[in-house]
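Secondary and tertiary structure notes
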Amino acid sequence: MNSNSRLKAIGYLISTVSVVLIGVVAWDSAKDDRLLRLCLIAGIASSIIGMALRWWSHRREQRDEGKA
């Protein structure tokens, strides 16, 4: 893995941790409303999945260019 890929990986990891931390803080506010809790879980999950897909796309581009 080259330094650019490593830097992107660190960025995506930091973004994932920040989404989880925001979710932890918001969880207490959503605990009494089932719909809010479901939306919070869906938001956290979709954000993490989106970052994973961007990382996967980056790695595929790197592999296609022969830089993996």
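Above: the structure in question.
Residues numbered from 1 in each chain as written. Predicted model: local features only at pLDDT ≥ 70, side-chain atom pairs only at ≥ 80, totals over all residues. Heavy atoms only, no water.

**Here we look at the environment of Val-17**
Rules: In this text, helices come from DSSP runs of H or I with a minimum length of four residues, and strands from runs of E with a minimum of two, each type numbered from the N-terminal end. Type-normalised accessible area, obtained with a 1.4 Å probe on protein chains alone, sets the label of each residue: buried when under 20%, exposed when over 50%, and partly exposed for intermediate values.
Assignment of secondary structure puts Val-17 in helix 1 (residues 3–30). Taking the relative accessible area as the measure of exposure, Val-17 reaches 42% and is therefore partly exposed. Residues Val-17 and Ile-48 lie 31 residues apart in sequence; the distance between their C-alpha atoms is 9.2 Å.

**Concerning helix 2 (residues 34–64)**
Quick note on the threshold: Expected span of a helix: the number of residues minus one, times 1.5 Å. Here, two residues are considered to be in contact whenever any of their heavy atoms come within 4.5 Å of each other. Polar contacts, as used here, are pairs of N or O atoms within 3.5 Å; protein pairs need one atom able to donate a hydrogen and one able to accept it. Residues neighboring in sequence count only if both atoms are side-chain atoms.
For helix 2, built from 31 residues, the straight-helix expectation of 45 Å at 1.5 Å per residue is met to within 8% by its first-to-last C-alpha distance of 44 Å. Along helix 2, the positions that sit buried rather than exposed are Leu-40, Met-51, His-58 and Gln-62. The inward-facing, buried residues of helix 2 contact helix 1. A distance of 3.1 Å separates the backbone nitrogen of Leu-35 from a side-chain oxygen at the start of helix 2, and that oxygen is part of Asp-33. Immediately beyond the C-terminal end of helix 2, within one or two residues, lies Gly-66, with a positive phi of roughly 75°.

**Notes on a nonpolar patch on the surface**
The test is simple: Here the term patch refers to residues with relative accessible area over 30% and no salt bridge, with like charges joined within 9 Å and nonpolar side chains (Val, Leu, Ile, Met, Phe, Trp, Tyr) within 5 Å. Under the convention used here, a 1.4 Å probe and the Shrake-Rupley method define accessible areas, while residue burial counts only the protein chains that appear. Every case where a carboxyl oxygen of Asp or Glu lies within 4 Å of a side-chain nitrogen of Lys or Arg is listed as a salt bridge.
Taken together, the side chains of Leu-13, Val-17 and Leu-21 make up a nonpolar region of the molecular surface, amounting to roughly 280 Å² of accessible area. Take Leu-21: it is sitting in helix 1. On the basis of relative accessible area, Leu-21 is assigned to the exposed category, the value being 52%.

**Some words on the packing of aromatic side chains**
For the record, the criterion: Pairing of aromatic side chains requires ring centres within 6.5 Å, counting the rings of Phe and Tyr and the six-membered ring of Trp. Pairs whose planes differ by under 30 degrees are stacked, by over 60 edge-to-face, and all others tilted. Two limits define a charge over a ring: the Lys NZ or Arg CZ must be within 6 Å of the ring centre, and within 35 degrees of the ring normal.
Using the criterion set out here, one finds one aromatic pair in the structure. Seen in terms of ring centroids, Tyr-12 and Trp-55 are 6.4 Å apart; in terms of plane orientation they differ by 70°. Their pairing is edge-to-face. Of this pair, Tyr-12 sits in helix 1 while Trp-55 sits in helix 2, placing them 43 residues apart in sequence. The ring of Trp-56 carries Arg-60 above its face, with NZ or CZ at 5.3 Å from the centroid.

**Quick look at the environment of Ala-42**
Tracing the backbone through its elements, the reader meets Ala-42 in helix 2. Measuring from C-alpha to C-alpha, the distance between Ala-42 and Lys-31 comes to 14 Å, with eleven residues separating the pair along the chain.

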